[in-house]
Amino acid sequence: MRTKKWNVEIVITESDRTTVAEARLRGQNAEVFVGEGTAHRKRADQDIPHIGDELAVARALSGVSHGLLHEVAAEIETRTGERVPRLRG
């Protein structure tokens with residue numbers, strides 16, 4: 001059995017009613033996939049910081065996931081010469 005380890009680093013920045021998260025996934029060959037997510041709190045919303053953190057992080061991780069899928073699709077297409085639109089969705 002072979003084990004591999006990839007690392008995700010997430011940095012969260014809060015300013016006024018906006019929370020921004022940046023997620024960086026470091027893969028096995030030192031490639032880095034970056035995603036950014038933002039959450040905005042309306043003036044009328046309660047100030048519950050962890051909700052903004054979670055939403056911004058979820059969006060950042062979604063960006064990383066989509067970037068990784070596009071990279072995989074491009075590599076498969078390069079090697080096979082065939083489009084793989086299901087991975088690009």
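Below is a summary of the structure that appears in this document. Only a predicted model underlies this, so the values are computations on that prediction, with no experimental measurement involved.

An order of β1-β2-β3 is seen for the three strands of this open sheet, with the pairing classed as antiparallel. The two strands at the open ends of the sheet, each matched to only one other strand, are β1 (7-15) and β3 (32-40). Neighbour-to-neighbour, the strand axes of this sheet turn through a mean angle of 15°, independent of strand direction. Here nine bridges tie β1 to strand β2 (residues 18-26), and the two strands are oriented antiparallel to one another.

This paragraph deals with the nonpolar core. Grouped together as the largest cluster of nonpolar side chains are nine residues: Ala 21, Ala 23, Leu 25, Phe 33, Ala 39, Ala 56, Val 57, Ala 60 and Val 64. Contributions of two or more residues to this core are made by β2, β3 and α1 (49-80). The biggest single contributor to this core is α1, with four residues. If we skip the residues at most four places from it in the chain, Val 57 touches Ile 10, Ile 12 and Ala 21.

Turning our attention to the side chain of Glu 77. Note that Glu 77 resides in helix α1. A distance of 3.5 Å separates a polar atom in the side chain of Glu 77 from a polar atom in the side chain of Arg 83.

Another aspect to go through is the pattern of salt bridges. Within this structure, the stated rule accounts for four salt bridges. Among the ionic pairs, Arg 24 bridges to Glu 22, the shortest N-O distance being 3.0 Å. Assessed through its relative accessible area of 28%, Arg 24 is described here as partly exposed. For Glu 22, a relative accessible area of 27% puts it in the partly exposed group. In this structure, Arg 83 engages Glu 77 in a salt bridge whose closest nitrogen and oxygen atoms are separated by 3.5 Å. Among the residues examined, Arg 83 registers a relative accessible area of 59% and is labelled exposed. Exposure remark for Glu 77: the relative accessible area of 15% places this residue in the buried category.

Conventions adopted
- Residues numbered from 1 in each chain as written.
- Predicted model: local features only at pLDDT ≥ 70, side-chain atom pairs only at ≥ 80, totals over all residues.
- Heavy atoms only, no water.
- Pairing = 2+ DSSP bridges.
- Helix = DSSP H or I, 4+ residues; strand = E, 2+ residues; numbered from the N terminus.
- Axes fitted to C-alpha atoms, helices over the stretch in contact; angles between N-to-C directions.
- Core = buried A, V, L, I, M, F, W, Y, C linked by side-chain atoms within 4.5 Å.
- Buried < 20%, exposed > 50% of the residue type's maximum accessible area, 1.4 Å probe, protein only.
- Contact = heavy atoms within 4.5 Å.
- Polar contact = N/O pair within 3.5 Å; in protein donor to acceptor, adjacent residues only side chain to side chain.
- Salt bridge = Lys/Arg side-chain N within 4 Å of Asp/Glu carboxyl O.

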